[in-house]
Amino acid sequence: MTDKLFGTDGVRGRANTAPMTADMALRIGAAAGRYFRRDGSTVHRVVIGKDTRLSGYMFENALTAGFTSTGMNVLLLGPVPTPAVGLLTPSMRADVGVMISASHNPHHDNGIKFFGPDGYKLSDEDEAAIEALVHAGVEPAQADNIGRAKHVYDGRFRYNERVKATFPQGRRLDGLKVVIDCANGAAYRTAPEVLWELGAEVIPVGTAPNGLNINDKCGSTYTDTAAAAVVAHGADVGICLDGDADRVMIIDEEGHVADGDQFMALIASRWAGEGRLNHGTLVATVMSNLGLERFLTDRGLRLERTPVGDRHVVEAMRRGGWNLGGEQSGHVVMTDYGTTGDGLSAGLQFLAAMVETGQPASALTRSFERVPQLLKNVRFQAGQTPLDSAGVKSAIADAEQKLTGKGRLLIRKSGTEPLIRVMAECEDDVLLGAVVNAIVAEVESAV
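As a convention, each chain's residues are numbered from 1 in the sequence order in which they are written. Residue-level local features of this predicted model are given only where pLDDT is at least 70; pairs of side-chain atoms are given and counted only at 80 or more, and the full residue set underlies all totals for whole chains, interfaces and linings. Side-chain metrics rest on all non-hydrogen atoms present in the structure, leaving aside hydrogens and water.

Student: Explain the sheet that holds strand β12 (residues 281-285) to me, using residue names and the numbers behind them.
Tutor: Read across the sheet, four strands follow the order β13-β12-β14-β15 without closing on themselves; strand pairing throughout is mixed. Looking at the sheet topology across the chains shown, the edges are occupied by β13 (302-306) and β15 (332-334). Across the sheet, the mean angle separating the axes of adjacent strands is 20 degrees when strand polarity is ignored. Contact criterion: two residues are considered in contact whenever any of their non-hydrogen atoms come within 4.5 Å of each other. Fitted lines through C-alpha atoms serve as axes, helices being fitted only where they are in contact, and the angles separating the N-to-C directions of these axes extend from 0 to 180 degrees. Going along the chain from the N terminus, every DSSP run of H or I of four or more residues is numbered as a helix, and every run of E of two or more is numbered as a strand. Docked against the sheet, helix α9 (residues 290-298) engages β12 and β13, running at close to 145 degrees with respect to β13. When DSSP locates at least two bridges between a pair of strands, those strands are taken to pair.

Printed below as a string of structure tokens:
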């Protein structure tokens, strides 16, 4: 097998279809187990969490078999948010952490994300080494050295306490009515518990997972359900998480949705005012709106852009010593509090801003005027390379010429789905639609 396994966020695909099969998960577990036992010490641990997908049981068992076959002891957390795995891997002195999740994707997809012993996602080099071992095969442990597996029943509660500690000391959420949409995913118990324990009146949405309804008409990628609940209940704010709770979208009291850019603008300006924003810099991806960049520049702050993917954001943050970053899609990374995107921690920071300023959510989610942005996706089939088409290249070149001095264009393949993403920003709505639609038409023709 020579196909590349790892994408922008681990291994991902349709469950029971290559590469996301039980057999491959076993091989990946064995390869990762062998790789992280390379230091020769005698005791090795792996922490495994998952979201609520039906296929999670299958992959949990397969990965456990692979890890234990190489002598790794497995600690099973059950359903927990992705950031819980990042936090608990070093806390439990594990050599590696694994999250079984396809994040915001529908239930029929699943994925395997890895965290190193420091709680951060693996580097490209680590992933390449594990992938090489998958292809080469690994020597199993001797019968006396096979690893053990056990369930850890308090992992969720450990994470709850860590998340609550990110809320300002002495503050409470008493008097706030909060809609929390857990996307029928990994935070379906955690998020309502944390908000209630901090004093909020909690209106839960998406907290009845059945294995098949994760991200189904709920969560951060489908905010209509939570927005309707905010309006119907007269709530002060809505917090929408995705399937593994590493993303967040905020809904104000009027039912309007604010994306990650507006959230990051708020937190960056607040932290800068408190002297907490390291080097006056926010890290965000090429997808973030030009309006965010202008907002920061006007305040003497700077925006450091990275390729798409929260892993790229975190890598840049660690290199530059910056402590706030994220994505327009709702990943928000605060390295003062955690090692990866954490939707619940981010939501608590927004609630803290509401409590401390006394302002409604609507006032805090409109930090800047967005430059009109249009994003369209075109699905393609395995083996197709639409971006190599002469017609597509010509349309892109024409669009770039028309946008010179007026906006910007971004064309990329999704790292998590078979999609070509066509995005442009321009204050001329007519030109914006024309250039995006022209490129989309050529990509559709190519596929």
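Student: Give a description of the pairing of strand β3 (residues 73-79) that names residues and reports values.
Tutor: Side-chain direction in a regular strand flips from residue to residue, so the side chains alternate between the two faces of the sheet. Only protein chains enter the accessibility calculation, which uses a 1.4 Å probe; a residue whose area is less than 20% of its type maximum is buried, one above 50% is exposed, and one in between is partly exposed. Counting buried residues in β3 gives five out of seven residues, a clear majority hidden from the surface. By the bridge criterion, six bridges tie strand β2 (residues 45-50) to β3 in an arrangement that is parallel. Within β3, the residue paired with Ile48 across the bridge is Leu76. Since β2 and β3 lie parallel, the crossover through helix α2 (residues 56-69) that links them has a hand, and here it is right-handed. Here three bridges tie β3 to strand β6 (residues 149-151), and the two strands are oriented parallel to one another. Along β6, the bridge assignment pairs Leu76 with His151. A right-handed crossover is one whose linking path, passing over the helix from the first strand to the second, runs clockwise when the strands point away from the viewer.

Student: Go over unusual backbone geometry with me, naming the residues and quoting the values.
Tutor: Between Ala18 and Pro19 the backbone carries a cis peptide bond, its omega angle lying at 5 degrees. Topologically, Pro19 is positioned in the loop between β1 (11-14) and α1 (22-35). With phi around 55 degrees, Arg93 is a residue other than glycine that occupies positive phi space. Among the secondary structure elements, Arg93 is positioned in the loop between α3 (82-91) and β4 (96-100). Exposure remark for Arg93: the relative accessible area of 64% places this residue in the exposed category. Unlike most non-glycine residues, Ala245 shows phi in positive territory, near 65 degrees. With respect to the secondary-structure elements, Ala245 resides in the loop between β9 (237-241) and β10 (248-251). On the basis of relative accessibility, which here comes to 1%, the residue Ala245 falls in the buried class.

Student: So what's going on with the packing of aromatic side chains? Which residues, and what values?
Tutor: Two rings belonging to Phe, Tyr or Trp (six-membered ring only in the last case) form a pair when the distance between their centres is within 6.5 Å. Interplanar angles under 30 degrees mark stacking, angles over 60 mark edge-to-face geometry, and anything in between is tilted. Counted by the stated rule, this structure contains five aromatic pairs. Centroid distance Tyr35 to Phe36: 5.2 Å. Interplanar angle 85 degrees. Geometry classified as edge-to-face. Only Lys NZ and Arg CZ are tested; either one counts as a charge over a ring when it is within 6 Å of the ring centre and within 35 degrees of the ring normal. Over the ring of Trp271 we find Arg276; its NZ or CZ atom is 4.3 Å from the centre of that ring.

Student: How would you summarise the environment of Val436 if you had to cite specific residues and measurements?
Tutor: Along the chain, Val436 turns up in helix α14 (residues 429-446). Note on Val436: relative accessible area 0%, which makes it buried. Here the alpha-carbon distance between Val436 and Ala395, two residues 41 residues apart in the chain, equals 9.3 Å. Not counting chain neighbours up to four residues away, the residues in contact with Val436 comprise Leu374, Lys376, Val422 and Ala424.

Student: Tell me about the pattern of salt bridges, and name the residues and values.
Tutor: Note on definitions: salt bridges are taken to be side-chain nitrogens of Lys or Arg within 4 Å of carboxyl oxygens of Asp or Glu. Taken as a whole, this structure holds 30 salt bridges when the rule is applied. The closest approach of N and O atoms between Arg270 and Glu274, which form a salt bridge, is 3.9 Å. You can call Glu274 partly exposed: its relative accessible area is 44%. A salt bridge links Asp398 to Lys402; the shortest N-O distance between them is 3.2 Å. Of the two residues, Asp398 and Lys402 are both situated in helix α13 (residues 390-403); the distance of four residues between them amounts to about one turn of the helix. Overall, Lys402 belongs to the partly exposed group, its relative accessible area being 38%.

Student: Please set out the side chain of Ser362 residue by residue, giving values where relevant.
Tutor: For Ser362, the location among the structural elements is in helix α12 (residues 361-364). For Ser362, a relative accessible area of 10% corresponds to the buried category. In contact with Ser362, not counting residues within four places along its chain, are Asp252, Glu253 and Glu254.

Student: Outline the side chain of Thr166, listing residues and values.
Tutor: Secondary-structure assignment places Thr166 in the loop between α5 (155-164) and β7 (177-181). A residue is classified by how much of its surface remains accessible, and Thr166, at 6% relative accessible area, is buried. If we ignore the near neighbours within four places in the chain, the residues touching Thr166 are Tyr337, Ser345, Leu348 and Gln349.

Student: How would you summarise helix α7 (residues 224-233) if you had to cite specific residues and measurements?
Tutor: Where α7 is concerned, the buried positions are Ala226, Ala227, Ala229 and Val230. For α7, the buried positions fall inside an angular range of 160 degrees around the axis, keeping them on one side. Facing away from the buried side of α7 by over 90 degrees, the exposed positions are Asp224, Val231 and Ala232. The secondary structure elements touched by the buried residues of α7 are β7, β8 (201-205), β9 and β10. Here, the arc refers to the directions that run from the helix axis to the C-beta atoms.

Student: Describe the state of the cysteines, naming the residues involved and giving the relevant values.
Tutor: In this description, the term disulfide denotes a pair of cysteine sulfurs within 2.5 Å. Counting across every chain of the model gives zero disulfides. Here Cys182 stays unpaired: no disulfide links it, and the sulfur of Cys218, its closest cysteine neighbor, is 9.3 Å away. Accessibility expressed as a relative area gives 0% for Cys182, which makes it buried.

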